[in-house]
Amino acid sequence: MKTYFVDSFTNQKFKGNPAAVCIVESNLDSITMQGIATEIGFSETAFIEQISDKTYSIRFYTPKKEIPLCGHATLAAAKIIFETSTLEDIHFVNCENIELKIEKAEGKIVMQFPVYETTEISVPESVFTALGISKALDTRFSPNNKIILIEINDSNKLSDLKPDFLALINSYSGINGILVTAKSNDPSFDFHYRYFWPWAGTNEDPVTGGIQTFLTKYWAKKLGKNKFQAFQSSSRTGMMTTELINDKVYIYGEAVIIFEGKFVA
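Residues numbered from 1 in each chain as written. Predicted model: local features only at pLDDT ≥ 70, side-chain atom pairs only at ≥ 80, totals over all residues. Heavy atoms only, no water.

Here's the deal with the overall build of the protein chain
Right, so step 1: On a plain count of helices and strands, the protein chain comes out with six helices and 18 strands.
Right, so step 2: Relative to the globule expectation of 18 Å for 265 residues, the C-alpha radius of gyration of the protein chain, 18 Å, shows essentially globular dimensions.
Right, so step 3: Its C-alpha atoms give the protein chain principal-axis dimensions of roughly 50 × 40 × 30 Å.
Right, so step 4: Split into buried and exposed, the 265 residues of the protein chain put 55% on the buried side.
Right, so step 5: Taking contacts inside the protein chain between residues at least 6 apart in sequence as the whole, the part at least 24 apart equals 63%.
Right, so step 6: Of the accessible surface of the protein chain, which amounts to about 11,800 Å², a share of 48% is contributed by carbon and sulfur atoms. (Helix = DSSP H or I, 4+ residues; strand = E, 2+ residues; numbered from the N terminus. Rg over C-alpha atoms; globule rule 2.2 N^0.38 Å. Buried < 20%, exposed > 50% of the residue type's maximum accessible area, 1.4 Å probe, protein only. Contact = heavy atoms within 4.5 Å. Areas by Shrake-Rupley, 256 points an atom, 1.4 Å probe, with all protein chains shown as cover.)

Written out as structure tokens, the structure is:
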């Protein structure tokens, strides 16, 4: 089974977020896919299988579980298809039968993702203590993603956070992760964010596209605009452009292929 490693949301090797992409040509069961994802150890491994000329099924596995939607692994999978074919646009269909339209434009890969609402949530003090946050400006919850959103007032403080992950995972249950965001102090960007998800994946995801299903709309309401430059201030760093258009969020990103091989499944 052909397998690729791709650094997503970057134009430099060893930056952004690494994802594995496996090209499925025969039936693979969930146990095998989970085993492969756990063995590789990246935050996400995508398994893609061609259905028709421009349509592919896509499934996403963390080292711990299958999840329905992932931005950086979708970008990585699209990068492989575009580099190994003459296609200019494709459709992915995920495990929930959500169609993800992908195309090449302006030298980047553009992904159309759904937009999800957030609701009010009360976050216990133990969460803030584990994260190292003294005060939050806002707290929201994305039911579709099972992710808590916390806004703080300083993007420099955001980049300096050093969570206690054992305390964090014990501070709350029944979620996939916690997203912390702040308005950017850098005029080159609109907002910064980091994503912590020891409940479902790794301690911290280096660059996360899937959270834009609710984060872009959150900042659209805050800033009164619909197109953004976003920066993920993890240790590897990453950046993307996002745009809110009706019921879709358009995510513009780049990716770099760093490894090609075969996995013996």
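Some thoughts on unusual backbone geometry
Trans is the prevailing form of peptide bonds, just as negative phi is the prevailing case for residues other than glycine.
Right, so step 1: With a phi angle near 55 degrees, Lys146 is a residue other than glycine that sits in the positive phi range.
Right, so step 2: Assignment of secondary structure puts Lys146 in the loop between β10 (138-142) and β11 (147-151).
Right, so step 3: Positioned with a positive phi, Thr237 is a non-glycine residue whose angle comes to about 60 degrees.
Right, so step 4: With respect to the secondary-structure elements, Thr237 resides in the loop between β15 (227-232) and β16 (238-245).

Digging into helix α6 (residues 212-223)
In an α-helix, one full turn covers 3.6 residues, which means residues spaced three or four apart are oriented alike.
Right, so step 1: For α6, spanning 12 residues, the distance from its first C-alpha to its last is 15 Å, which sits close to the expected 16 Å at 1.5 Å a residue.
Right, so step 2: Buried within α6 are the following residues: Gln212, Thr213, Phe214, Leu215, Thr216, Tyr218, Trp219 and Ala220.
Right, so step 3: In the segment just after α6, Gly224 is the residue with positive phi, at about 70 degrees. (Expected span 1.5 Å × (residues − 1).)

Structural notes on the packing of aromatic side chains
Right, so step 1: Here the structure, examined in full by the defined rule, presents 11 aromatic pairs.
Right, so step 2: By way of ring pairs, the aromatic residues Phe191, Tyr193, Tyr218, Trp219 and Phe228 are connected into one cluster. (Phe/Tyr/Trp six-rings, centres within 6.5 Å; stacked < 30°, edge-to-face > 60°.)

A few points about a nonpolar patch on the surface
Right, so step 1: A grouping of Phe14, Ile258 and Phe259 is seen on the molecular surface, where their side chains present a nonpolar patch of about 290 Å² in accessible area.
Right, so step 2: Its place among the elements puts Phe14 in the loop between β1 (2-8) and β2 (17-23).
Right, so step 3: Residue classification places Phe14 among the exposed positions, given a relative accessible area of 60%. (Patch = residues over 30% accessible without salt bridge, like charges linked within 9 Å, V, L, I, M, F, W, Y side chains within 5 Å. Salt bridge = Lys/Arg side-chain N within 4 Å of Asp/Glu carboxyl O.)

A closer look at the side chain of Thr45
Right, so step 1: With respect to the helices and strands, the residue Thr45 is situated in strand β3 (residues 44-50).
Right, so step 2: The exposure class of Thr45 is buried, given its relative accessible area of 0%.
Right, so step 3: With residues near it in sequence (within four places) discarded, Thr45 still touches Ala20, Cys22, Ala37, Ile40, Arg59, Phe60 and Tyr61.

Some remarks on the pattern of salt bridges
Close approach of charged atoms lets side chains of opposite charge pair.
Right, so step 1: A complete count under the given rule lists 10 salt bridges for this structure.
Right, so step 2: Residue Arg59 pairs with Glu66 through a salt bridge whose shortest N-O separation is 2.9 Å.
Right, so step 3: It is possible to trace a salt-bridge network through shared partners that takes in Glu117, Lys217 and Lys221.

Quick notes on the nonpolar core
Right, so step 1: In terms of nonpolar packing, the biggest core is built from 53 residues, with Ile90, Phe92, Ile102, Leu179 and Leu215 touching the most fellow members.
Right, so step 2: Here the element with the most residues in this core is helix α2 (residues 71-84); it accounts for eight residues.
Right, so step 3: In this structure Leu179 touches Ile147, Ile148, Leu149, Ile150, Tyr193, Arg194, Tyr195, Ile211, Phe214 and Leu215, once residues within four positions along its chain are discounted. (Core = buried A, V, L, I, M, F, W, Y, C linked by side-chain atoms within 4.5 Å.)

Description of the pairing of β10
Right, so step 1: Most of β10 sits inside the fold, with four of its five residues counted as buried.
Right, so step 2: Summarising the sheet, β10 and β11 pair through five bridges and their orientation is antiparallel. Residue pairing in the sheet places Asp138 in a bridge with Glu151 of β11.
Right, so step 3: Joining the antiparallel neighbours β10 and β11 is a turn of four residues, in which Lys146 adopts a positive phi near 55 degrees. (Pairing = 2+ DSSP bridges.)

Re the side chain of Asp190
Right, so step 1: Here Asp190 is to be found in the loop between β12 (177-183) and β13 (191-196).
Right, so step 2: The class of Asp190 is buried, set by a relative accessible area of 16%.
Right, so step 3: A polar contact is formed between the side chain of Asp190 and the backbone nitrogen of Gln229, at a distance of 2.7 Å.
Right, so step 4: The contacts of Asp190, once residues within four sequence positions are left out, are Lys183, Ser184, Leu223, Lys225, Lys227, Phe228 and Gln229. (Polar contact = N/O pair within 3.5 Å; in protein donor to acceptor, adjacent residues only side chain to side chain.)

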